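Letter by letter, the chains look like this.
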Amino acid sequence: MSLRIHARQRVIYGDTDQMGVVYYANYLRYFELARLEYFLARGGDYRVIEGGGYGLPVIEAHAKYAAPGRFQDMLDIEVWVSELRRVTLRFDYLISREGDGTTLCTGYTVHACVGKNGRPTTLPAELSALVGDAVL
């Protein structure tokens, strides 16, 4: 079983649309928050990855919306690495509302490792080690 990390985020008014629900694109921001918490919980630091000359841009993103999040909801954002390849890795997400456990959104992002020149490169050993033992 893959290692799963949880992040929490309260929905602020600015995250909602005119209908009073979380604007769909904000779920991608919640995904990003969860990735940061994932790296930190594993003892990593994205600044160190970038300082080493590497970047992990999103090359694919998918979100499936199941129920609306609303102003002041406390969200539980679960994240795990489901796939690790030579140049790419995939994070999966499950966002639910704390309190009733309703699933609001599921999704994933795929990231390519790129060097300072912006071209794909092999994931550095320290990054592979950071997430490798957490993959299914």
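You'll find the structure just up there.
My aim in this report is to walk through the structure given alongside it, one point at a time. (Residues numbered from 1 in each chain as written. Predicted model: local features only at pLDDT ≥ 70, side-chain atom pairs only at ≥ 80, totals over all residues. Heavy atoms only, no water.)

Another aspect to go through is the overall build of the protein. When its secondary structure is counted, the protein shows three helices and five strands. Helices (α) and strands (β) of the protein occur, in sequence order from the N terminus, as β-α-α-β-β-β-β-α. Relative to its length of 136 residues, the protein is compact, with a C-alpha radius of gyration of 16 Å against a globular reference of 14 Å. On the principal axes, the C-alpha backbone points of the protein span a range of 45 × 30 × 20 Å. Taking all 136 residues of the protein together, the buried fraction comes to 43%. Restricting to contacts in the protein with at least 6 residues of sequence separation, those with at least 24 account for 68%. (Helix = DSSP H or I, 4+ residues; strand = E, 2+ residues; numbered from the N terminus. Rg over C-alpha atoms; globule rule 2.2 N^0.38 Å. Buried < 20%, exposed > 50% of the residue type's maximum accessible area, 1.4 Å probe, protein only. Contact = heavy atoms within 4.5 Å.)

By size, the foremost hydrophobic cluster in this structure holds 27 residues, and its most contacted members are Tyr 30, Phe 39, Phe 91 and Ile 95. Listing elements by their share of this core, those giving two or more residues are strand 1 (5-10), helix 1 (26-41), strand 3 (74-84), strand 4 (88-97), strand 5 (103-112) and helix 3 (125-132). Of the residues forming this core, the biggest block, six residues, is contributed by helix 1. Those residues within four positions of Phe 91 in sequence are excluded, and the remaining contacts are Arg 35, Tyr 38, Phe 39, Val 79, Trp 80, Val 81, Gly 107, Tyr 108, Thr 109 and His 111. (Core = buried A, V, L, I, M, F, W, Y, C linked by side-chain atoms within 4.5 Å.)

For the rest of this paragraph, the subject is the pattern of salt bridges. For the coordinates displayed, the defined rule picks out eight salt bridges. When the shortest N-O distance is used, the salt bridge between Asp 73 and Arg 97 registers 3.0 Å. Taken as a pair, Asp 73 in the loop between strand 2 (58-65) and strand 3 and Arg 97 in strand 4 lie far apart in primary sequence, 24 residues in all. Classification of Asp 73 by relative accessible area gives buried; the value is 14%. Classification of Arg 97 by relative accessible area gives buried; the value is 17%. For Glu 83, the salt bridge identified is with Arg 85, shortest N-O distance 3.0 Å. Among the residues examined, Glu 83 registers a relative accessible area of 30% and is labelled partly exposed. (Salt bridge = Lys/Arg side-chain N within 4 Å of Asp/Glu carboxyl O.)

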